[in-house]
Amino acid sequence: MKAKRFGNKFIVRIDKGEEIVETLKQFCKDNDIKLGYIFGLGATNRATVGLFDTKTKKYNSKGLVGDHEIAPLYGNISTMNGEVYLHLHINLCDSKNNSLGGHLNSAIVSATFEAIIESIDGEVDREFDEKTGLNLYKI
Ligand code: FE
């Protein structure tokens, strides 16, 4: 990956073969970004996306293989127990231009991925919420 900083914003390029979620997480750690948001677009040929089942309080994840446009990825950056925590959602378009998506677990870049990350000067932590089964903002 490559990145260029402009004030509190970063222009990011993630290259073919790199995994998006871990790369973004490491980037936030390396640059001390604890709060902010990410939006991006590009292409993937291997992704795992999930849907949170509110009854079982579990994520049902599905693997997608084949060329897909990332149109787009959107997510937020916060922390949980002092560690960078990314919450990312993605919309993917297949060869028939059909769209599918969900909560993003991982995606391998097949061509390129371009993102803008905005860092907010602050920190919001998360905590596990029994009622929903989710890690909610601790505000
Ligand atoms: Fe989600």
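Asks: When you look at the pattern of salt bridges in this model, what are you seeing that I'm missing?
Replies: Pairs can form between side chains of opposite charge once their charged atoms are near each other. This structure, assessed with the given rule, holds six salt bridges. Across the salt bridge formed by Lys34 and Glu123, the nearest N and O atoms sit 4.0 Å from each other. Taken together, the positions of Lys34 in the loop between helix 1 (20–30) and strand 3 (36–53) and Glu123 in the loop between strand 6 (99–119) and strand 7 (125–129) put the pair 89 residues apart, joining distant regions of the chain. Overlapping salt bridges, with partners in common, bring together Asp32, Lys34 and Glu123 in one network.

Asks: For this particular structure, what's the right way to read the pairing of strand 2 (residues 9–15)?
Replies: The side chains of a regular strand alternate between the sheet's two faces. Side chains Phe10, Val12 and Ile14 project from strand 2 onto a buried face, and the interleaved Lys9, Ile11, Arg13 and Asp15 project onto a face without burial. Judged from the five bridges that link them, strand 1 (residues 2–6) and strand 2 form a sheet pairing that is antiparallel. Across the sheet, the residue bridging to Arg5 is Phe10, located in strand 2. Once strand 1 ends, the chain turns through two residues before running back antiparallel as strand 2, passing Gly7 with a positive phi of about 65 degrees. When strand 2 meets strand 6, the two strands line up antiparallel, connected through seven bridges. Pairing of Val12 across the sheet is with Ala115, part of strand 6.

Asks: Got a minute to help me understand helix 1 in this structure?
Replies: Note on helix geometry: an α-helix contains 3.6 residues per turn, so any two residues three or four positions apart are oriented the same way. Within helix 1, burial applies to Ile20, Val21, Thr23, Leu24, Phe27 and Cys28. Around the axis of helix 1, the buried residues are gathered within 165 degrees of arc, so they sit on the same side. The secondary structure elements touched by the buried residues of helix 1 are strand 1, strand 2, strand 3, strand 4 (58–80), strand 5 (83–93) and strand 6. Backbone nitrogen of Val21 and a side-chain oxygen of the N-cap are separated by 3.0 Å at the start of helix 1; the cap is Glu19.

Asks: Even after reading the chapter, I still don't get the packing of aromatic side chains, so can you show me in this structure?
Replies: Between two aromatic rings, the relevant description is the distance of the centres plus the angle of the planes. Per the stated rule, a full pass over the model turns up four aromatic pairs. Measuring from ring centre to ring centre gives 5.2 Å for Phe10 and Phe27, while their planes differ by 85 degrees; the resulting arrangement is edge-to-face. Of this pair, Phe10 sits in strand 2 while Phe27 sits in helix 1, placing them 17 residues apart in sequence. Aromatic ring contacts, followed pair by pair, group Tyr37, Phe39 and Tyr74 into a single cluster.

Asks: Explanation requested: the coordination of the iron ion in the structure shown.
Replies: For a metal bound by four donors in tetrahedral geometry, the ideal donor-metal-donor angle is 109.5 degrees, whereas six donors in octahedral geometry ideally sit at 90 or 180 degrees. The protein atoms donating to the iron ion are His87 (NE2), His89 (NE2) and His103 (ND1), with metal-donor distances spanning 2.1 to 2.2 Å. Between consecutive donors of the iron ion, the numbers of intervening residues give the motif H-x1-H-x13-H. Residue His87 is located in strand 5, and its partner His103 is located in strand 6; the two are separated by 16 residues in the primary sequence. You can call His103 buried: its relative accessible area is 14%.

The rules we used
Residue positions are given per chain, counting from 1 as you read along its sequence in written order. Local features in this predicted model are restricted to residues whose pLDDT is 70 or higher, and side-chain atom pairs enter the listing and the counts only when it is 80 or higher, whereas totals over whole chains, interfaces and linings include all residues. To obtain the side-chain values, all non-hydrogen atoms of the structure were included, while hydrogens and water were left out. What makes a salt bridge here is a side-chain nitrogen of Lys or Arg within 4 Å of a carboxyl oxygen of Asp or Glu, nothing more. Numbering goes from the N terminus for both helices and strands, where a helix is a DSSP run of H or I of at least four residues and a strand is a run of E of at least two. Buried residues are those whose accessible area, probed at 1.4 Å on protein chains only, stays under 20% of the maximum for their type, while exposed residues exceed 50% and partly exposed ones sit between those limits. We treat two strands as partners when DSSP finds at least two bridges between them. As used here, the arc belongs to the directions running from the helix axis to the C-beta atoms. Two residues qualify as a contact provided that any one of their heavy atoms is within 4.5 Å of a heavy atom in the partner residue. Here a polar contact is recorded for every N or O atom pair within 3.5 Å, except that within protein the pair must consist of a potential hydrogen donor and a potential acceptor, and residues adjacent in sequence are included only if both atoms are side-chain atoms. Between rings of Phe, Tyr and Trp, where Trp is taken as its six-membered ring, a pair exists when centres lie within 6.5 Å; planes separated by under 30 degrees are stacked, by over 60 edge-to-face, and by other angles tilted. Donor atoms are limited to N, O and S found within 2.8 Å of the metal ion, a distance that becomes 3.2 Å for Na, K and Ca. With water left out, some sites might look partial.

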